[in-house]
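# Descriptive analysis of the structure
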Amino acid sequence: MSRLTVVFLVGAAAAAALLGAAVDAKIVDGLRAGFYNKTCPEAEGTIRDVVNSEIGMDRTIAAGIIRIFFHDCFITGCDASILLDETPSGDVPEKESSANGFTLHGLRTIDVAKSTIEAMCPNTVSCADILAFAARDAAVSAGLPWYDVTAGRRDGMRSNMDDLPGKMPAPGHQVPRLAELFAQHGMSQEDLVVLSGAHSIGGAHCFMFSNRLYGFSQGADIDPALEPAYAAQLRQVCPQPREEDDPEKAPKVSFDSRTAQELDNVYYSELLAGRGLLTSDDALIKDPETKKTVELFAANDALWQQKFAQAMQKLGALDVLVDTTQGQIRQQCRLVNTQTTQQTTQQTPQSTQESTQSQQPRRPGFGFGRFIPGFHGFF
Ligand code: HEM
Ligand SMILES: *[C@@H]1O[C@H](CO)[C@@H](O)[C@H](O)[C@H]1NC(C)=O
């Protein structure tokens, strides 16, 4: 079979694989260390330089990148489906879900990394791998010890916001539901506690937790689980929500009010002190089993850091496409390659640059029409 035929079959094969796929996500073997050692030896270092330089300009991006990686991997696996602005099928992409939308932060860094890498090694390094490396680099920049990231992920060709309901955890969830969603992805209750520690950096918009501050229940205006001084502080930053509020202008509050920029175990001691920001954070100390794990990590930073690195690697293997008959290496992370660009690429590599450029103006406007403010808008 000629190379060209293979390329033309890719779309059909991926579609068939998706149709036949089990509902539950799974951890897939087949990623390798040093995957780009021969084909693009500078890839990892270049991505790290880009990430570090972007974070140098804006530290908050580190948290954003880690979250993008999590949201990508939880929905149709780590296939960069979250990065697509539009889809060949016309499906509304994951990006426009209320769990993503304008709350995604750091997308530009991935674009910069991709265009830098494409200039060095065209059609070689997938967006899914770039995101996995970048998430590690972001974690390391926030203080996590270095960990190796295996690679060989290919980029998916579908993305649909309708894939999120029933798969993505929401800020109002309690442990049974959170653990169930993690289990659906082959991840344990311990993984849930470990990875929630990502909320050691970054923050949440007021509307993600304002139900805890105003009109919480019939008996209590404020969630009694919140330490009173902390709740008072939050109320100062987050005024009572009003119908006409523009969610994009909502203030953002750090998860960890003590070491907001450091990926460390302070998140866990804050939880124990009644300073967990989201209901889903506080939930981890309401459940007696997860509370034990929280206490363990609050007392042992090194243990948590090691577990976090391991869990990120596990997350990074969810439903990955590793076979060359599946997916593709996208030329731009926001768009699936068109068949013409694929074909051109395979026949005359010199014309890649041209076809990439001709795609640029296709970047669509980014609508938030579907965004529903407040976590009640989440499934
Ligand atoms: C366990 C269930 C989880 C829920 C319900 C949840 C929910 C949320 C919500 C509502 C936000 C705030 C978004 C915003 O307002 O901009 C957020 C931020 C964040 N999440 Fe999670 N999350 C969960 C687990 C995770 C996991 C597993 C990771 C990564 C491994 C993660 C990483 C982050 C990071 C780093 C931020 C900060 C983003 C930023 O500041 O730009 N989260 N999460
Ligand atoms: C890939 O290259 C790096 C840097 O040269 C090296 O440390 C690593 O051992 C190599 N990995 C493999 C699997 O060849």
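Residues numbered from 1 in each chain as written. Chains lettered and ligands numbered in written order. Predicted model: local features only at pLDDT ≥ 70, side-chain atom pairs only at ≥ 80, totals over all residues.

You'll find the protein chain entered in an unreviewed UniProt entry as peroxidase, with Zizania palustris given as the organism. Taken verbatim from the UniProt record of the protein chain, the Sequence similarities (unreviewed entry) comment is "Belongs to the peroxidase family. Ascorbate peroxidase subfamily." (UniProt positions renumbered as here; feature names shortened; annotations may be inferred.)

Moving on: the overall build of the protein chain. Scanning the protein chain for helices and strands turns up 14 helices and 2 strands. Across the 379 residues of the protein chain, 45% fall into the buried class. For the protein chain, the proportion of contacts with a sequence separation of at least 24, taken over those separated by at least 6, is 79%. (Helix = DSSP H or I, 4+ residues; strand = E, 2+ residues; numbered from the N terminus. Buried ≥ 20, exposed ≤ 12 C-beta atoms within 10 Å, placed from the backbone. Contact = placed C-beta atoms within 7 Å.)

The next thing to look at is the UniProt feature "binding site: heme b" (unreviewed entry) in the protein chain. UniProt's entry tags His199 with the feature "binding site: heme b" (unreviewed entry), counted in the numbering of this structure. Along the polypeptide, His199 turns up in the loop between helix H7 (189–196) and strand E1 (203–205). Ignoring sequence-local partners within four residues, the contact set of His199 consists of Phe255, Tyr267 and Asp281.

So, on to the nonpolar core. Membership of the largest hydrophobic core comes to 94 residues, with the highest contact counts inside it found for Ile66, Ile130, Leu131, Ala134, Ala135 and Ala138. Residue contributions to this core reach at least three from each of two domains, namely domain 1 (3–167 + 316–358 + 373–377) and domain 2 (175–315). When sequence neighbours within four positions are dropped, the list of residues in contact with Leu131 reads Ile68, Phe69, Asp72, Ala80 and Ile110. (Core = buried A, V, L, I, M, F, W, Y, C linked by C-beta atoms within 7 Å. Domains from an automatic or database assignment.)

The next point concerns the site of ligand 1. Residues in contact with ligand 1 amount to 26 residues; listed here are only the nearest, Thr103, Pro169, Ala198, Gly202 and Ala204. Looking at the shell around ligand 1, the elements that each hand over two or more residues are helix H3 (61–74), H7 and E1. It is H3 that contributes the most residues to the shell around ligand 1, 5 residues altogether. When residues of the shell around ligand 1 are sorted by domain, at least three fall in each of domain 1 (3–167 + 316–358 + 373–377) and domain 2 (175–315). (Near = placed C-beta within 6 Å.)

Looking now at the UniProt feature "binding site: Ca(2+) 2" (unreviewed entry) in the protein chain. Taken from the UniProt record, the annotation "binding site: Ca(2+) 2" (unreviewed entry) applies to Asp256, Thr259 and Asp264. With respect to the helices and strands, Asp256 occurs in the loop between strand E2 (252–254) and helix H9 (266–272). When neighbours within four sequence positions are excluded, Asp256 is seen to be in contact with Ser200, Val266, Tyr267 and Glu270. By secondary structure assignment, the location of Asp264 is in the loop between E2 and H9. In this structure, Asp264 is in contact with Gly143, Ser200, Thr259 and Asp301, ignoring residues within four places of it in sequence.

With that settled, the discussion passes to the packing of helix H6 (residues 175–184) against H7. Interaxial distance between H6 and H7 falls to 8 Å at its minimum, and their mutual angle equals 105°. When the interaxial angle is binned, H6 and H7 end up roughly perpendicular. Judged by residue contacts, Leu178, Ala179 and Phe182 of H6 engage Gln189, Asp191 and Leu192 from H7. Of the residues belonging to the contact of H6 with H7, the class tally is 4 nonpolar, 1 polar and 1 charged. (Axes fitted to C-alpha atoms, helices over the stretch in contact; angles between N-to-C directions. Parallel < 35°, antiparallel > 145°, perpendicular 65-115°, else oblique. Nonpolar A, V, L, I, M, F, W, Y, C, P; charged D, E, K, R; others polar.)

Note on placement: Val51 falls in helix H2 (residues 43–57). For the pair Val51 and Phe133, spaced 82 residues apart in sequence, the C-alpha to C-alpha distance is 9.4 Å. In contact with Val51, other than residues within four places in its own chain, are Thr109, Ala113, Ala134, Asp137, Ala138 and Ser141.

Here the focus is the confidence of the model for the protein chain. For the protein chain, the average pLDDT comes to 87, and 83% of its residues sit at 70 or higher. Across residues 342–379, where pLDDT falls below 50, the model places 52 contacts with residues more than four positions away in sequence or in other chains. (pLDDT = per-residue confidence, 0-100.)

Here we come to the environment of Gln184. Relative to the helices and strands, Gln184 is located in helix H6. C-alpha of Gln184 to C-alpha of Gly166: the two residues are 18 residues apart in sequence and 9.9 Å apart in space. Not counting the four nearest positions on each side in its chain, Gln184 is found in contact with Asp24, Ala25 and Lys167.

Because each turn of an α-helix spans 3.6 residues, side chains separated by three or four positions end up pointing in the same direction. Counting buried positions over the 8 residues of helix H10 (residues 279–286) gives 6, a clear majority of the element. Among the residues of H10, those classed as buried are Thr279, Ser280, Asp281, Ala283, Leu284 and Ile285. Check the buried side of H10 and you find it contacts H6, H7, H9 and helix H11 (288–299).

Between the first and last C-alpha of H11 there are 17 Å, a value that for 12 residues agrees with the 16 Å anticipated at 1.5 Å per step. Among all positions in H11, only Thr290, Thr293, Val294 and Phe297 are buried. Considered in projection along H11, the buried side chains sweep an arc of 105° and stay on one side of the axis. Opposite its buried face, H11 presents the exposed residues Pro288, Lys292 and Ala299, each directed more than 90 degrees away. Residues of H11 that are buried sit in contact with H6, H7, H9, H10 and helix H12 (301–315). (Expected span 1.5 Å × (residues − 1). Arc of directions from axis to C-beta.)

On to unusual backbone geometry, then. In this structure, Ala80 takes a positive phi of about 60° despite not being glycine. Relative to the assigned elements, Ala80 resides in the loop between H3 and helix H4 (107–120). A residue is classified by how many C-beta atoms lie within 10 Å of it, and Ala80, with 30 of them, is buried. With phi around 55°, Asn123 is a residue other than glycine that occupies positive phi space. Within the secondary structure layout, Asn123 lies in the loop between H4 and helix H5 (127–141). Taking the C-beta count within 10 Å as the criterion, Asn123 has 19 such neighbours and is therefore assigned partly exposed.

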